[in-house]
Amino acid sequence: MKKPIFLCSICNISSGSCAEDCGFCTQSAHHNADIERYKYKAIEQIVHEAKCASQNGALGFCLVTSGLGLDDKKLSFVCEAARAVKSELPHLLLIACNGTASVEQLKALKEAGVNAYNHNLESSKEFYPHICTTHTWEGRYQTCLNVKEAGLFLFTGGIIGLGESEADRASLLQSICELSPETVPLNFYISNPALPLKANPLSEAEALEIIKTFKAKLPKESVLMIAGGREQTFSPTCDIFAAGADSIIVGDYLTTKGEAPQKDRVMIEHLGYSVAELCHHAV
């Protein structure tokens, strides 16, 4: 019996105009990428997207905001959105992804119904200054520690294909393992003409080996989620789950389109797997 595959969906509730200079991110104001920008998405629209995600089989739903981290206004908005989603869909694993955050801010999110917090390390401590100069890797790591102290599930991972070395990938994986996250989102870099980081495409075989390496070295209870760049890196017939993936993002990403959820469900079933009906983390 093959393992069930967990589906997760993300919702960009505050898009673009970020003051940080992350070289991989189209939401940075430094790069002037051609993306949709808005301060705050309507709460009714967020709840609607959560309902659609649930109907498509997603057990996790992530509220994502652009910017370095939380301030009072943004925290209040995310809490309002969280309460609205949870009141309609209490079974969803509700995830927030809002940048750097203090223990107190994270506890406020938990009180509002958030179950998990996603804050990716992105790359190794050694390589990070090459891809971002406006904040530090150490600050990202500290937020991950804060998540655990606040009593939320920790989601943390990174992006492959930014120009990092094999040693950088090993260092990133080691840092992730030290944090023992409940879920590890693994992204593959999607290049954009506006971004300073140019494409460093991996072959499908190379990407599968990276999935195998991550799965082999992560804590046994950590869920490995394949997120951004999946559609560009792997063919529809490629069995990423046999390589070690336990979960995927379905639907659209932050500023790029994803595969139609129904096509992903067909792909999963064609490969001989089922879609998980119970969340791997208690909510």
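Since the structure is predicted, the reported quantities are computational estimates derived from the model, not experimental observations. (Residues numbered from 1 in each chain as written. Predicted model: local features only at pLDDT ≥ 70, side-chain atom pairs only at ≥ 80, totals over all residues. Heavy atoms only, no water.)

(A) Fine view of the UniProt feature "binding site: [2Fe-2S] cluster" (unreviewed entry) in the chain. Mapped onto the present numbering, the UniProt feature "binding site: [2Fe-2S] cluster" (unreviewed entry) falls on Cys-62. Structurally, the position occupied by Cys-62 is in strand β2 (residues 60–65). Its relative accessible area of 4% is what places Cys-62 among the buried residues. (UniProt positions renumbered as here; feature names shortened; annotations may be inferred. Helix = DSSP H or I, 4+ residues; strand = E, 2+ residues; numbered from the N terminus. Buried < 20%, exposed > 50% of the residue type's maximum accessible area, 1.4 Å probe, protein only.)

(B) Molecular detail of the UniProt feature "binding site: [4Fe-4S] cluster" (unreviewed entry) in the chain. Here the UniProt-annotated "binding site: [4Fe-4S] cluster" (unreviewed entry) positions come out as Cys-18, Cys-22 and Cys-25. Along the chain, Cys-18 turns up in the loop between β1 (4–14) and α1 (43–55). A residue is classified by how much of its surface remains accessible, and Cys-18, at 11% relative accessible area, is buried. Summarising the element assignment, Cys-22 is placed in the loop between β1 and α1. Overall, Cys-22 belongs to the buried group, its relative accessible area being 9%.

(C) Seen up close, the packing of aromatic side chains. Summed over all chains, the structure comprises four aromatic pairs. Judged by centre distance (4.2 Å) and plane angle (40°), the ring pair of Tyr-40 and Phe-77 falls under tilted. Placement of the pair is Tyr-40 in the loop between β1 and α1 and Phe-77 in helix α2 (residues 72–88), with a sequence separation of 37 residues. Take Tyr-40: its relative accessible area is 26%, and that puts it in the partly exposed class. Here Trp-137 and Tyr-141 contribute two aromatic rings whose centre-to-centre distance is 5.3 Å and whose plane-to-plane angle is 25°, an arrangement assigned as stacked. Taken together, the positions of Trp-137 and Tyr-141, both in helix α4 (residues 137–150) and four residues apart, correspond to about one turn of that helix. Judged by its relative accessible area of 17%, Tyr-141 falls in the buried class. Just above the ring of Tyr-273 sits the side chain of Lys-2; from NZ or CZ to the centre is 4.6 Å. The residue whose ring lies beneath Lys-39 is Tyr-40, and the NZ or CZ to ring-centre distance is 6.0 Å. (Phe/Tyr/Trp six-rings, centres within 6.5 Å; stacked < 30°, edge-to-face > 60°. Lys NZ or Arg CZ within 6 Å of the ring centre and 35° of its normal.)

(D) Geometry of unusual backbone geometry. In the Ramachandran plot, Glu-122 falls in the positive-phi region, its phi being about 75° despite a non-glycine side chain. Among the structural elements, Glu-122 can be located in the loop between β4 (116–118) and α4. Looking at Glu-122, the relative accessible area reads 9%, which means it is buried.

(E) Structural view of the pattern of salt bridges. Evaluated as defined, the whole model comprises ten salt bridges. The salt bridge involving Lys-51 is made with Glu-88; its shortest N-O contact spans 3.4 Å. With Lys-51 in helix α1 and Glu-88 in helix α2, the pair connects residues that are 37 residues apart, well separated along the chain. Classification of Glu-88 by relative accessible area gives partly exposed; the value is 44%. Asp-246 is paired through a salt bridge with Lys-215; the nearest N and O atoms lie 2.6 Å apart. With Asp-246 in the loop between α8 (240–243) and β9 (247–249) and Lys-215 in helix α6 (residues 204–217), the pair connects residues that are 31 residues apart, well separated along the chain. By relative accessible area, Asp-246 is classed as buried at 10%. Each of Lys-3, Lys-215 and Asp-246 takes part in salt bridges that share partners, so that together they form one network. (Salt bridge = Lys/Arg side-chain N within 4 Å of Asp/Glu carboxyl O.)

(F) Inspection of the pairing of strand β3 (residues 93–97) at higher detail. Among the five residues of β3, five are classified as buried, and the element is accordingly described as predominantly covered. The side-chain alternation of β3 yields two buried faces, one formed by Leu-93, Ile-95 and Cys-97 and the other by Leu-94 and Ala-96. Taken together, the five bridges between β2 and β3 define a ladder with parallel strand orientation. Within β3, the residue paired with Leu-63 across the bridge is Ala-96. One crossover worth recording links β2 to the parallel β3 by way of α2, and it is right-handed. For β3 and β4, the ladder comprises two bridges, and the chain directions are parallel. Directly across from Ile-95, in β4, lies its bridge partner Ala-116. (Pairing = 2+ DSSP bridges. Right-handed = clockwise from strand over helix to strand, strands pointing away.)

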